[in-house]
Amino acid sequence: MTPTSTARWPGLLRYVALFAGALLFLFPFYYMLVGSLQSEPDTSVAGAFPTSGLTLDNYRDINSRVDLLGSLVNSGIFTGGVILGTVVFGVLAGYALARLRFRGRGTLFALVLLVQVIPFQLLLIPLYVLIVRGYGLADSYLGMILPFAINTTAVFVFRQFFLQLPDELFAAARIDGAGELRLLWSVALPLVRPALLTAVLLTFIGPWNEFLWPFLITKQADMQPLAVSLANYISNVAARAANPYGAVLAGACVLAAPAVGLFLAFQRHFISTDIGSGVKG
Amino acid sequence: MSTADTAAAPVTGAAARSPRPAGRGRVTAVLGRHPVGMVLAAPYAVFIAVVFAYPLGFAVWMSFHDYFFAAPGAAVDRPFVGLDNYRAVLADPAVRQSFGNIGIFLVINVPLTTVLALLLAVALNRVVHARTFLRVAFYVPYVTASVAVVGVWLFLFNSDGLVNSVLGPLAPDPSWLVNAGLAMPVIAVFVVWKQLGFFILLYLAALQNVPRELYESASVDGAGWWRRFRSVTVPAVRPATALVVILATITGANLFTEPYLLTGGGGPNGASASPVLVMYQRGIQQGQPDVAAAIGVLLVIGVLIISWVNRRLIERD
């Protein structure tokens, strides 16, 4: 073998292996879409590549069993509430932690780090007791949002962003007599706007995909986010439907579409390696 | 600190003429240079106290008391019962089985996640063409709701699903999700697939910090691909490996959605029940929050021990 061919072969192999892996990873998504468009479940190998007979019946079917629009609105309110809380209060906290010297700052930052390693399962039962039994917030948006209201990872990311801004900028604005809020609003925020988008996108997928907590606290069907109503359909109703998989897969496509769509549209913001190091480094 | 300031003020005599600077100095000493920071950070501090600190203490307190649901406002006695809840938990066969199950899950999931994430990250790091497509492909499952992808895995792995029709006579009987020996491994593989993109990203970030000269000098020394991987890459990303192992363990211990939906509530016969699923059944379905809180405390202690041992092992060799 010539030196060039030894160098080229592993490279080619790497591509073959990576593409095979990528197709394996994507196949369930393709199959989800195909299955949601077939009137009869066809589980043969040929059935994965249908040439005709595609229909939207399954979407009509799932919509008649689960109020798709209502559930999507609930998911949207839940997710929107978390994003709003995170952006407003998270930015304030991140800014204070990065640029202001005040009593308790060190303690608070230690808590930011600590909270990230507390597993949610330990808090599950007491939060349920407090929020559902204590405050009577079962079947309410507030109860759904409360445990996620300020995303701690986002606070950490905001702090990193504000830390990276040059000190001179702040010194100059303070000499000009700008108050701290004004400094945040008109100096710091415009500079971190692209980073803000990244944090919003990362915050979005948490509540949109969250199942356990809204499942625990919503018993009324008209308050359930789509993840919960689809899960209830899978575990209770599916056995009695004519084409249960078709309807489940149609619901799954509706649930997956917004998150996957946002991800594809803004993939640069999700998959930049410096965010990876910023979040967990 | 503040007493020293007040004592010092009259000596300089400045306080007598203009009290403001001294007052301000005292405020700075007590509240810091930018007291407004306390106001800005207050909502987050309150949030931590209400949603993390208080429930954390409450969980531990509950696990040592006879706690039960009562009508709102009713004054009920909730006596201290020592370790009774823990004894009940440890004697409960379903709980013991669920801890065994999560052990099986972690033994399959964590090594598979770590090895695959590192290998794929190394390969992706050297890729020039189709870079975006490849990264997106591995990351998409991570951004998709578990509930949605569980739907398609149910379809793929049911007894006459695509996987079995590809395998033909090799298909396991009973089928994957209703087979006591296979249900938990399938869930473990599902979670590897679901989370891998995130861990690849952590490794990709770590790989950016490996000095190129190390690879170059290894190549000059005649090290092949495997030698370079073993003696340059693996040691260089060790901190990332520790993080991946710990995060994968914590995520795995949180397992709930997959056994609840994929195997119809931890079936067959509890062979895929996870501790969080049993917590939900005991605490909320059967109204024993004290027992459930004890399960949670034991689970977290278990996770802490595993994380600590892993960290020692990874950082030593």
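Given the structure is predicted, the values throughout are model-derived calculations rather than measurements.

Caption draft 1: The overall build of chain A, seen in detail. A count of helices and strands for chain A gives 15 helices and 0 strands. By principal-axis analysis of the C-alpha atoms, chain A measures approximately 75 × 70 × 35 Å. A total of 281 residues make up chain A; the buried ones form 42% of that total. Within chain A, residue pairs in contact and separated by at least 24 positions form 75% of the contacts whose partners lie at least 6 positions apart.

Caption draft 2: Quick peek at the domain arrangement of chain B. Residues and elements named next belong to chain B. For chain B, the assigned domains read domain 1 (2-82) and domain 2 (85-316). Summarising the inter-unit geometry, the C-alpha centres of domain 1 and domain 2 are found 40 Å apart. Counting residues at the interface gives 10 residues for domain 1, matched by 8 residues for domain 2.

Caption draft 3: Layout of the UniProt feature "domain: ABC transmembrane type-1" (unreviewed entry) in chain B. As recorded in UniProt, the sites labelled "domain: ABC transmembrane type-1" (unreviewed entry) are residues 99-310 of chain B. Helix makes up 75% of residues 99-310 of chain B and strand 0%, whereas the separation of the span's terminal C-alpha atoms amounts to 18 Å.

Caption draft 4: Representation of the UniProt feature "transmembrane region" (unreviewed entry) in chain A in the model. Residues and elements named next belong to chain A. Sequence positions flagged by UniProt for "transmembrane region" (unreviewed entry) are, in local numbering, residues 12-33, 77-96, 108-129, 141-162, 183-205 and 245-266. Here residues 12-33 is 100% helix and 0% strand, with 31 Å between the C-alpha atoms at its ends. Split by type, residues 183-205 is 96% helix and 0% strand. Its first and last C-alpha atoms lie 30 Å apart.

Caption draft 5: Broad picture of the interface of chain A and chain B. Between chain A and chain B, the residue contacts involve 82 residues of the former and 83 residues of the latter. The greatest single-element share of the side of chain A that touches chain B, amounting to 13 residues, is contributed by helix 1 (residues 3-36) of chain A. Tallied by class, the residues present in the side of chain A that touches chain B amount to 60 nonpolar, 15 polar and 7 charged.

Caption draft 6: Local environment of the UniProt feature "transmembrane region" (unreviewed entry) in chain B. Residues and elements named next belong to chain B. With numbering matched to this structure, UniProt assigns "transmembrane region" (unreviewed entry) to residues 41-64, 102-124, 136-156, 176-204, 236-256 and 291-309. For residues 176-204, helix accounts for 76% and strand for 0%, while the C-alpha atoms at its two ends are 34 Å apart. Note that residues 291-309 is 100% helix and 0% strand, and that its end C-alpha atoms are spaced 27 Å apart.

Caption draft 7: Fine view of helix 8 (residues 146-157) of chain B. Residues and elements named next belong to chain B. Spanning 12 residues, helix 8 covers 16 Å between terminal C-alpha atoms, matching the ideal 16 Å at 1.5 Å per step. In terms of residue burial, helix 8 counts as a mostly covered element, since 12 of its 12 residues are buried. By the burial criterion, the buried members of helix 8 are Ser146, Val147, Ala148, Val149, Val150, Gly151, Val152, Trp153, Leu154, Phe155, Leu156 and Phe157.

Conventions used here
Every chain's residues receive numbers from 1 upward, in the order its sequence appears when written. Labels follow written order: the first chain is A, the first ligand is 1, and so on. Local features are withheld for residues below a pLDDT of 70 in this predicted model, meaning they are given only at 70 or higher, and side-chain atom pairs are given and counted only at 80 or more; totals for whole chains, interfaces and linings count all residues. Each helix is a run of H or I in the DSSP string that is no shorter than four residues. Each strand is a run of E no shorter than two, and both are numbered from the N terminus. Residues with at least 20 other C-beta atoms within 10 Å of their own are called buried, those with 12 or fewer are called exposed, and the rest are partly exposed. The C-beta atoms themselves are positioned from the backbone. Here contacts are defined at the residue level, using C-beta atoms placed from the backbone and a cut-off of 7 Å between them. For the domain bounds, the source is a domain assignment made automatically or taken from a database. UniProt positions are given in the numbering used here, feature names are shortened, and annotations may be inferred rather than shown by experiment. Polar here means any residue outside two lists: the nonpolar Ala, Val, Leu, Ile, Met, Phe, Trp, Tyr, Cys and Pro, and the charged Asp, Glu, Lys and Arg; Gly therefore counts as polar. Take the number of residues in a helix, subtract one, and multiply by 1.5 Å to get its expected span.

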